[in-house]
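The primary structure of each chain is shown beneath.
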Protein chains: 2
Amino acid sequence: MRPYILISNDDGYAAGGINFLVDVLRAEYDILVVAPEGPRSGFSTAFTSGPPLAVQLVRQEEGLEVYSCSGTPADCVKIALNRYVRRKPDLVVGGINHGDNSSVNSHYSGTIGVVGEAAMQGFPAVAFSLCDHSPNADFTPLRPYVLDMVRRAIEMKMPPFTCWNVNFPLQPTFKGVKICRMAKSRWIKEIVDCPAPRRGSKYYWMAGECEELEPEATDTDRWALAHGYVAVTPTTLDNTDYQQYALLSDCW
Amino acid sequence: MRPYILISNDDGYAAGGINFLVDVLRAEYDILVVAPEGPRSGFSTAFTSGPPLAVQLVRQEEGLEVYSCSGTPADCVKIALNRYVRRKPDLVVGGINHGDNSSVNSHYSGTIGVVGEAAMQGFPAVAFSLCDHSPNADFTPLRPYVLDMVRRAIEMKMPPFTCWNVNFPLQPTFKGVKICRMAKSRWIKEIVDCPAPRRGSKYYWMAGECEELEPEATDTDRWALAHGYVAVTPTTLDNTDYQQYALLSDCW
């Protein structure tokens with residue numbers, strides 16, 4: 001039996017990135033897609049505690065099923081693992097995201113929400129992102145890397161409660177792969193005033209740009225991307241700060 | 001000048017928990033509240049990349065301003081820090097949340113989104129949560145602990161890119177404070193079928209319960225809560241898995 005992969009994303013089931021991913025992987029793997037019905041960028045690991053969610057079959061072929069879901073990326077993974085998988089998936093893949101999910105972007109990303117949810121449920125998981133927000137982004141340079149990483153992720157025993165966050169720079173070829181730590185950065189100029197015709201409330205668009213806080217460090221995902229490498233950031237769902245844990249335990 | 005605290009939450013500006021927090025803190029601190037206009041439970045660190053957000057003044061008194069915002073908890077913090085703070089806050093506080101944010105719940109929580117956003121912006125931050133989902137939860141036993149922890153959080157130099165996740169068990173008195181690591185757990189029985197009058201889509205409610213994966217461990221937030229202690233989990237925004245980082249760097 002061929003290995004079985006669950007795929008979701010935050011750009012929606014119709015996005016170019018997820019369809020490229022399906023095309024690349026379906027030659028070797030059986031695939032289930034449960035992905036949002038439309039864009040869910042910036043949804044992080046949000047889940048829906050309010051209204052019921054709708055799931056609809058979109059496409060069914062030999063070794064491939066695609067469902068759209070009205071919920072968040074994490075909702076899609078939860079529903080897929082509980083109701084739509086035909087057997088236990090060998091891997092959960094998020095993406096390919098249209099846009100950079102390195103550094104703090106990973107905290108906002110619905111694509112990272114996909115693999116975070118999978119990791120919390122005990123599945124090995126890999127998120128792919130390309131540093132190009134365009135709906136027409138060209139994913140073809142990623143093909144051999146995606147195939148290689150999916151193979152490695154299934155063969156290696158990824159520790160429970162962890163996943164990989166893989167980011168590709170926007171260029172036609174890559175210098176290679178770097179294993180990275182997450183760079184410290186922060187978003188600035190995030191608020192854009194939105195003039196409104198009515199008084200009473202003030203209105204704002206969320207926007208901004210990412211400011212590097214350690215541009216000299218050479219072991220980060222941001223450095224790798226800026227220098228033409230594919231950035232693989234192993235990621236844990238255990239967010240305990242163990243340094244402070246030791247400090248506070250001594251002094252409280 | 002009195003220290004200045006920014007407060008937000010995910011239950012909305014009108015919730016009991018955030019109003020209790022304001023009442024406890026305003027005797028000693030100047031306070032700005034920018035909180036969601038309604039419930040935003042489960043919103044994680046989501047931000048709004050779509051429509052503009054509305055912000056409205058709700059309450060203005062000596063040393064206290066309260067604004068409601070149509071966005072997510074993280075949006076509230078971004079807008080507050082960029083547009084509404086009168087000076088640099090000495091601390092950002094999330095909560096008090098109506099419900100448990102220990103273990104993996106922290107990944108879904110909008111209250112943790114508040115302090116995560118603050119930590120990414122370079123501010124010390126503390127999230128408070130009470131293990132009681134009721135809108136009428138009794139927060140009075142928390143008062144001395146909240147005051148003590150806010151004082152400590154301002155006095156100690158919390159390392160950049162970190163925050164505290166504080167959870168209170170549901171009981172009239174507490175045995176004390178435990179510094180904890182995040183327990184490993186996972187959500188089960190999450191999907192409830194929702195019969196629908198129309199064919200075409202399937203509908204599901206998101207629900208479930210939290211299953212302990214290491215019930216014997218005595219150093220976790222779940223253990224502390226189950227044994228009557230206030231659980232303080234120091235939390236980092238650097239989610240790099242350094243163990244796997246070392247392993248993969250050797251073998252890739």
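Residues numbered from 1 in each chain as written. Chains lettered and ligands numbered in written order. Predicted model: local features only at pLDDT ≥ 70, side-chain atom pairs only at ≥ 80, totals over all residues. Heavy atoms only, no water.

Draft legend 1. Just the packing of aromatic side chains, in detail. Under the defined criterion, the tally for this structure stands at 22 aromatic pairs over all chains. Measuring from ring centre to ring centre gives 6.1 Å for Tyr242 of chain B and Tyr245 of chain B, while their planes differ by 65°; the resulting arrangement is edge-to-face. With Tyr242 of chain B and Tyr245 of chain B both in helix α7 (residues 242–251), this residue pair falls 3 residues apart, about one helical turn. Here the aromatic residues Phe128, Tyr145, Phe168 and Phe174 of chain A are joined through ring pairs into a cluster of three or more. The ring of Phe47 of chain A carries the charged tip of Lys78 of chain A above its face, separated from the ring centre by 5.8 Å. (Phe/Tyr/Trp six-rings, centres within 6.5 Å; stacked < 30°, edge-to-face > 60°. Helix = DSSP H or I, 4+ residues; strand = E, 2+ residues; numbered from the N terminus. Lys NZ or Arg CZ within 6 Å of the ring centre and 35° of its normal.)

Draft legend 2. Here's a closer look at the interface of chain A and chain B. Contact with chain A, which involves 75 residues of that partner, is made by 75 residues of chain B. Of the roughly 7200 Å² buried at the junction of chain A and chain B (both faces included), carbon and sulfur atoms supply 60%. When the buried area of chain A at its contact with chain B is split by residue, Met206, Asn239 and Trp252 of chain A rank highest and sum to 11% of it. At the boundary of chain A and chain B, one finds 4 salt bridges. Of the charged contacts, one joins Lys78 of chain A and Glu190 of chain B as a salt bridge, the two residues approaching to 2.4 Å between their closest N and O atoms. Scanning the region where chain A abuts chain B turns up 39 residue pairs in polar contact (both at pLDDT 80 or more). Within the side of chain A that touches chain B, the residues separate by chemical class into 37 nonpolar, 23 polar and 15 charged. Relative to strand β11 (residues 202–206) of chain B, strand β3 (residues 53–61) of chain A runs antiparallel, the two being bridged by 3 bridges. When the sheet's bridge partners are listed, Leu53 of chain A is paired in β11 of chain B with Tyr204 of chain B. (Contact = heavy atoms within 4.5 Å. Buried area = accessible area lost by both parts, 1.4 Å probe. Salt bridge = Lys/Arg side-chain N within 4 Å of Asp/Glu carboxyl O. Polar contact = N/O pair within 3.5 Å; in protein donor to acceptor, adjacent residues only side chain to side chain. Nonpolar A, V, L, I, M, F, W, Y, C, P; charged D, E, K, R; others polar. Pairing = 2+ DSSP bridges.)

Draft legend 3. Region of the structure containing the pattern of salt bridges. Evaluated as defined, the whole model comprises 34 salt bridges over all chains. A salt bridge links Lys189 of chain B to Glu209 of chain B; its shortest N-O distance comes to 3.7 Å. Here Lys189 of chain B is found in the loop between β9 (185–188) and β10 (191–193), whereas its partner Glu209 of chain B is found in strand β12 (residues 209–212), with 20 residues between them in sequence. Using a relative accessible area of 40% as the deciding quantity, one classes Glu209 of chain B as partly exposed. When salt bridges that share partners are traced, they join Arg2, Asp30 and Arg87 of chain A into one network. (Buried < 20%, exposed > 50% of the residue type's maximum accessible area, 1.4 Å probe, protein only.)

Draft legend 4. Helix α5 (residues 143–155) of chain A, seen in detail. For α5 of chain A, built from 13 residues, the straight-helix expectation of 18 Å at 1.5 Å per residue is met to within 8% by its first-to-last C-alpha distance of 19 Å. Taken together, the buried positions of α5 of chain A are Tyr145, Val146, Leu147, Met149, Val150 and Ala153 of chain A. (Expected span 1.5 Å × (residues − 1).)

Draft legend 5. Expanded view of unusual backbone geometry. Residue and element names in this part refer to chain A. Gly95 connects to Ile96 through a cis peptide bond whose omega is -5°. Even without being a glycine, Ser103 presents a positive backbone phi close to 50°. By the element assignment, Ser103 lies in the loop between β5 (91–98) and α3 (105–108). The class for Ser103 is buried, based on a relative accessible area of 0%.

Draft legend 6. Quick peek at the pairing of strand β6 (residues 125–130) of chain A. Residue and element names in this part refer to chain A. With 6 of 6 residues buried, β6 is to be regarded as a mostly interior element. The alternating pattern of β6 places Ala125, Ala127 and Ser129 and Val126, Phe128 and Leu130 on opposite faces, both of which are buried. Pairing of β5 with β6 involves 5 bridges; the strand directions are parallel. Within β6, the residue paired with Val93 across the bridge is Val126. Direction of pairing for β6 relative to strand β7 (residues 162–168): parallel, over a ladder of 5 bridges. Bridged to Ala127 within β7 is Asn165.

Draft legend 7. Structural context of the relation of the copies chain A and chain B. Mapping chain A onto chain B calls for a screw motion: a turn of 180° about the axis and a shift of 0.0 Å along it, with 0.0 Å RMSD after fitting. Taken together, the rotation and translation relating the two chain copies correspond to the operation of a two-fold axis. The overlap is high: 100% of the interface residues of chain A also sit at the interface in chain B, so the same surface is used on both sides. (Least-squares fit on C-alpha atoms with pLDDT ≥ 70 in both.)

Draft legend 8. Highlighting the side chain of Asn101 of chain B. All names here are of chain B. On the secondary structure map, Asn101 appears in the loop between β5 (91–98) and α3 (105–108). A distance of 2.9 Å separates a polar atom in the side chain of Asn101 from a polar atom in the side chain of Ser129. Discounting chain neighbours no more than four positions away, the residues touching Asn101 are Ser106, Ser109, Thr111, Ile112, Ser129, Asn165 and Asn167.

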